[in-house]
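These are the residues of each chain, in order.
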Amino acid sequence: MAGCVARRALTVGSRWWSRSLTGARGPRPLCAAGGAGTFPPVATTTTRRHLSSRNRPEGKVLETVGVFEVPKQNGKYETGQLFLHSVFGYRGVVLFPWQARLYDRDVASVAPEKAENPAGHGSKEVKGKTHTYYQVLIDARDCPHISQRSQTEAVTFLANHDDSRALYAIPGLDYVSHEDILPYTSTDQVPIQHELFERFLLYDQTKAPPFAARETLRAWQEKNHPWLELSDVHRETTENIRVTVIPFYMGMREAQNSHVYWWRYCIRLENLDNDVVQLRERHWRIFSLSGTLETVRGRGVVGREPVLSKEQPAFQYSSHVSLQASSGHMCFSHRGTFRFERPDGSHFDVRIPPFSLESNKDEKTPPSGLHW
């Protein structure tokens, strides 16, 4: 059925969308097969923008979701922009942008003597480059179908002062890089199913996109800015496995007459090759300002040993670390690694880009609930 995409719940985590979308012309329909699911690859031509479905499940009826737009090469997407995630395939909506510093160790610094070096400690210098990320909401219908590839409750906060280890999460909240946004439009006044969609966004057909920020969104962003802010992104590739790390400072708690500082870090593992590999082990080195060193070695990550293939190239997860010092760093000096296994049983180590753990100097009390 030309012009439509069948949504399938059987395949998740694939790189479904062709990067040739950028050079194609004109709008084209985006279609779904009856409810939640994910998308198969896009078939494109150079003369006309259209989608085609393949392997459509029996009994599924295609329903129009919206119309694709040309992805932006320059500039930012606005609040209310609907999109598909180019790697994980879920539907989402942009809440607001973040300007991050991307430290890409795969790109040589033009002027290393002037390069910013958040790594330090004998690590090679990497120049930070401004890069746009977005705070987004994930459509709840798609969460069950991406949960094996990307955590949908990964944005966590310290809960309260009564329990220094208690955390809470906002389901369906994510951070998305600019190049992972595939924009589309919809005539539906509530195109994304999420409990916060109508609390944060107001339909306004005079605007483009037709969803404006409510005052509740602005107030929530301002109130929680210190704990939501994305500032540094670190990236490195080893043997075609790219590791991206984003650290977040979560706040400080008092425990047993001492201060405990908490960070969350989000990691994405992406296979840039066609060969199938499986994550088997992780090896971290965590240093604190007080001079302590902690080594962590174990099987997989968050209880999983994900397989990265051409069909399902990426896995994303979040974890936490606490220190009894206001700053530290992970994987410096001797470096941390992920160990992968090939189909023939051989192993290879993938470097984790080193990154700093910094606390906010003008720290205020972290949130004890969802503030409006």
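The protein is annotated in an unreviewed UniProt entry as Polymerase delta-interacting protein 2 of Phocoena sinus. We quote the UniProt Function (unreviewed entry) comment for the protein here in full: "Involved in DNA damage tolerance by regulating translesion synthesis (TLS) of templates carrying DNA damage lesions such as 8oxoG and abasic sites. May act by stimulating activity of DNA polymerases involved in TLS, such as PRIMPOL and polymerase delta (POLD1)." What UniProt states about the protein under its Subunit (unreviewed entry) heading is, verbatim, "Interacts with PCNA and POLD2. Interacts with SSBP1. Interacts with PRIMPOL; leading to enhance DNA polymerase activity of PRIMPOL. Interacts with POLH. Interacts with POLD1; leading to stimulate DNA polymerase activity of POLD1."

*Asks:* Looking at this model, I keep getting lost on the nonpolar core. Mind explaining?
*Replies:* Inside soluble globular proteins, nonpolar side chains tend to come together where they are buried. In terms of nonpolar packing, the biggest core is built from 62 residues, with Leu228, Leu230, Ile267, Trp284, Phe338 and Phe340 touching the most fellow members. Not counting chain neighbours up to four residues away, the residues in contact with Phe340 comprise Ile241, Leu269, Val277, Gln278, Leu279, Arg280, Leu308, Ser346, His347, Phe348 and Val350. One finds Tyr77, Tyr134, Ile181 and Ala314 within the second-largest nonpolar core, a separate group that totals 14 residues.

*Asks:* Help me understand helix α3 (residues 215-228), please; the structure alone is not making it clear to me.
*Replies:* Note that an α-helix has 3.6 residues per turn; residues three or four places apart therefore point the same way. Considering bend angle alone, the principal kink of α3 is centred on Glu222 and spans about 45 degrees; proline Pro226 follows within four residues of it. Among all positions of α3, only Leu217, Trp220, Asn224, Trp227 and Leu228 are buried.

*Asks:* Before we go on, may I ask you to explain the pattern of salt bridges in this structure?
*Replies:* When the charged atoms of two side chains lie near each other, side chains of opposite charge can form a pair. Taken as a whole, this structure holds 17 salt bridges when the rule is applied. Residue Arg218 is joined to Glu215 by a salt bridge in which the shortest nitrogen-to-oxygen separation is 3.4 Å. Of the two residues, Arg218 and Glu215 are both situated in helix α3; the distance of three residues between them amounts to about one turn of the helix. With a relative accessible area of 53%, Glu215 lands in the exposed category. A salt bridge links Glu305 to Arg299, with the nearest nitrogen and oxygen atoms 3.3 Å apart. Overlapping salt bridges, with partners in common, bring together Arg91, Asp139, Arg141 and Asp142 in one network.

*Asks:* Explain unusual backbone geometry to me, please; I cannot follow it from the model alone.
*Replies:* Leave glycine aside and you will find that most residues have negative phi; peptide bonds, for their part, are mostly trans. Here the bond from Ala208 into Pro209 is cis, since omega is 0 degrees, no more than 30 degrees from zero. For Pro209, the position within the fold is in the loop between β10 (201-203) and β11 (211-213). Despite not being glycine, Asn240 has its phi angle at roughly 70 degrees, a positive value. Inspection of the secondary structure puts Asn240 in the loop between β12 (232-238) and β13 (241-255). Look at Asn240 and you get partly exposed, because its relative accessible area is 37%.

*Asks:* Help me out: how do you make sense of the packing of aromatic side chains in this one?
*Replies:* How two aromatic rings sit relative to each other is given by the distance of their centres and the angle of their planes. On inspection of all chains with the given rule, the structure shows 16 aromatic pairs. Plain terms: the ring middles of Tyr175 and Phe248 are 4.8 Å apart, the flat faces sit at 40 degrees to each other, and that makes the pair tilted. Remark: Phe248 occurs in strand β13 and Tyr175 occurs in strand β8 (residues 173-177); sequence separation between them is 73 residues. We classify Phe248 as buried; its relative accessible area is 2%. Ring centres of Trp227 and Tyr249 lie 6.3 Å apart, and the angle between their planes is 45 degrees; this geometry places the pair in the tilted category.

Scoring rules and cut-offs
Residues numbered from 1 in each chain as written. Predicted model: local features only at pLDDT ≥ 70, side-chain atom pairs only at ≥ 80, totals over all residues. Heavy atoms only, no water. UniProt positions renumbered as here; feature names shortened; annotations may be inferred. Core = buried A, V, L, I, M, F, W, Y, C linked by side-chain atoms within 4.5 Å. Buried < 20%, exposed > 50% of the residue type's maximum accessible area, 1.4 Å probe, protein only. Contact = heavy atoms within 4.5 Å. Bend = angle between axes of the 7 residues up to and from the residue. Helix = DSSP H or I, 4+ residues; strand = E, 2+ residues; numbered from the N terminus. Salt bridge = Lys/Arg side-chain N within 4 Å of Asp/Glu carboxyl O. Phe/Tyr/Trp six-rings, centres within 6.5 Å; stacked < 30°, edge-to-face > 60°.

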